[in-house]
2 protein chains.
Amino acid sequence: MATPTPQAAPPGGLRERKKQRTRDALIRAALELFTEQGYDETTIDEIAEAVNVSQRTYFRYFANKEEVVFAVQEMVEARFLEELRERPAAEAPLTALRSAVMVAWDEIGSAIESVVPVELHMRSYRMIESTPALIAAHLRRSSDLEEQIARLIAGREGLDVDTDPRPRVVVAAFCGVMRVAGKVWGEGEDCSVASIRTLTQSYLDHIGPAIDDDWRAR
Amino acid sequence: MATPTPQAAPPGGLRERKKQRTRDALIRAALELFTEQGYDETTIDEIAEAVNVSQRTYFRYFANKEEVVFAVQEMVEARFLEELRERPAAEAPLTALRSAVMVAWDEIGSAIESVVPVELHMRSYRMIESTPALIAAHLRRSSDLEEQIARLIAGREGLDVDTDPRPRVVVAAFCGVMRVAGKVWGEGEDCSVASIRTLTQSYLDHIGPAIDDDWRAR
DNA sequence: GAGGCTAATGTCAGCCACTGACAGTTGACA
DNA sequence: TGTCAACTGTCAGTGGCTGACATTAGCCTC
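Just so it is clear, the structure is predicted and the values come from calculations on it, not from any experiment. (Residues numbered from 1 in each chain as written. Chains lettered and ligands numbered in written order. Predicted model: local features only at pLDDT ≥ 70, side-chain atom pairs only at ≥ 80, totals over all residues. Heavy atoms only, no water.)

**Q** Tell me about the environment of R85 of chain A, and name the residues and values.
**A** For R85 of chain A, the location among the structural elements is in helix 4 (residues 71–85). With 15 residues separating them in the primary sequence, R85 of chain A and A100 of chain A have C-alpha atoms 8.7 Å apart. (Helix = DSSP H or I, 4+ residues; strand = E, 2+ residues; numbered from the N terminus.)

Structure representation (structure tokens):
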């Protein structure tokens, strides 16, 4: 589902479809092995063997061991950026960011399901937050995304991201808060999509008040 | 290190001093090689050879290849935390953070010099920001620091960091902005301490206005 | 549908980061 | 001075990752 093709059969020839299947199989196998026995405890040979390809083939699909973990995440991020681009120009920056996140959360479910079970993806998210090597990779990716968002916001407001600090500053604040929300969610009990959505919303609502000088006054 | 030694001149016996010298030599050699020929292009064997120790010995001082890069950074961060702890309780959270950073910037110079030339440290900072593997490590470390700061701020305000989102939210916003400032500085021309200090100050001043709804109104 | 073209894959050799085990060396201290 | 413990070197081995080359298999033309 979510494929923009008229026919049920995916685009391209047999070769293309075969590649897609191998890629998806590698992602599924990797996430299953990682979440079951741990990231460090799983070798790439095991993943390759589970899909019946050589280790060398794995590295032709993914540049390194980490990349396969973030394949689904990448889809979600693309979805968010799309949504942000479609927000009305009248919305204030922080409002647009907030709205885009909320809409994205409501729609990614089905997109994820086309590659891996949502539950597996959620377990993977938690694994990322508890594996040092993956936390690092996750943060680096988030940082790249942050840069993209900042340029997008600057574009909306007709500003130059290199001379006016405000786009990068709001986005930095926004992304910082988003990361914290994700982290707190990962440590909590409820691992549902609804749960992370609520948490995100609540944390974003606190940016303004938290910046204020006197917390005790409210 | 961090031993409660009564004397300042001889921090211990001959053995202790020898260890300290080896450690400092490894840091200096590593930073010099990394900044000269690149991080990825430098092997640990080269670093070890430059200090006349075995590769195995390097790994007894540093857990991995990245760690040696952040040895100086660690000192700076410790200095900042110290400063933050000493800020008067009357100061608002964001103000205290801001002040602590400014004071820290003014004092770290001499502390750094005791291990490596400040200029080498500044070049290292730039290398970090332009090496993917090090960016990731840097962000992970920053994330850990962020957690410490959040707990400290929560303590100041008499709040529980796990129930009240505000400490983590301000700190996330603050640290996000700090990272952006560091990044922008790394891409600029002027690599002086004064330069990063000014930039930091300017960016922090923009948090409030950037959160506001209408940027065009000001 | 036989042939050539080319993308995808397998195999192999090798580099480098990192680790455990064991042995040799050298400060510390009685 | 001799013993103990800490520090270091050597060696062997694992796992991530890459380049080179041979092999397989989809695609396209005649």
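**Q** Go over the interface of chain A and chain B with me, naming the residues and quoting the values.
**A** Note: interface size is frequently given as the accessible area lost on complex formation between the parts. Counting from both sides, the interface comprises 42 residues of chain A and, opposite them, 42 residues of chain B. For the chain A and chain B pair, buried surface summed over both sides reaches about 3,800 Å², with 68% attributable to carbon and sulfur atoms. Taken together, chain A and chain B are joined by four salt bridges. Close ionic contact of E147 of chain B with K183 of chain A constitutes a salt bridge, the shortest N to O distance being 3.4 Å. Our enumeration of links across chain A and chain B arrives at four residue pairs in polar contact (both at pLDDT 80 or more). Mapped by element, the contributors of at least two residues to the side of chain A that touches chain B are helix 5 (93–113), helix 7 (132–157), helix 8 (166–187) and helix 10 (207–211) of chain A. (Contact = heavy atoms within 4.5 Å. Buried area = accessible area lost by both parts, 1.4 Å probe. Salt bridge = Lys/Arg side-chain N within 4 Å of Asp/Glu carboxyl O. Polar contact = N/O pair within 3.5 Å; in protein donor to acceptor, adjacent residues only side chain to side chain.)

**Q** Before we move on, can you summarise the environment of S130 of chain B with the specific residues and values?
**A** With respect to the secondary-structure elements, S130 of chain B resides in the loop between helix 6 (118–129) and helix 7 (132–157). Separated by 91 residues in sequence, S130 of chain B and Y39 of chain B place their C-alpha atoms 9.9 Å apart.

**Q** Which residues make up the relation of the copies chain A and chain B, and what values do they have?
**A** It takes a turn of 180° to lay chain A on chain B, together with a shift of 0.0 Å along the axis; the resulting RMSD is 0.1 Å. What the superposition gives is, in effect, a two-fold axis relating one chain to the other. Minimal C-alpha distance to the rotation axis in chain A is attained by A173 of chain A, lying at 1.9 Å. When the interface residues of chain A are mapped onto chain B, 100% of them are again interface residues, pointing to one common binding face. (Least-squares fit on C-alpha atoms with pLDDT ≥ 70 in both.)

**Q** Any chance you could break down the packing of helix 4 of chain A against helix 5 of chain A for me, citing the residues and the numbers?
**A** Residues and elements named next belong to chain A. Between helix 4 and helix 5, the least distance of the axes is 8 Å, while the angle of their chain directions is 135°. Looking at the two axes, helix 4 sits oblique to helix 5. As for how helix 4 packs across helix 5, the hand of that crossing is right-handed. Along the contact surface, helix 4 presents V72, M75, V76, R79, F80, E83 and L84, while helix 5 presents A96, L97, A100, V101, V103, A104, E107, I108, A111 and I112. Class assignment for the residues of the contact of helix 4 with helix 5 results in 14 nonpolar, no polar and three charged. (Axes fitted to C-alpha atoms, helices over the stretch in contact; angles between N-to-C directions. Parallel < 35°, antiparallel > 145°, perpendicular 65-115°, else oblique. Left-handed = near helix turned anticlockwise from the far one by under 90°. Nonpolar A, V, L, I, M, F, W, Y, C, P; charged D, E, K, R; others polar.)

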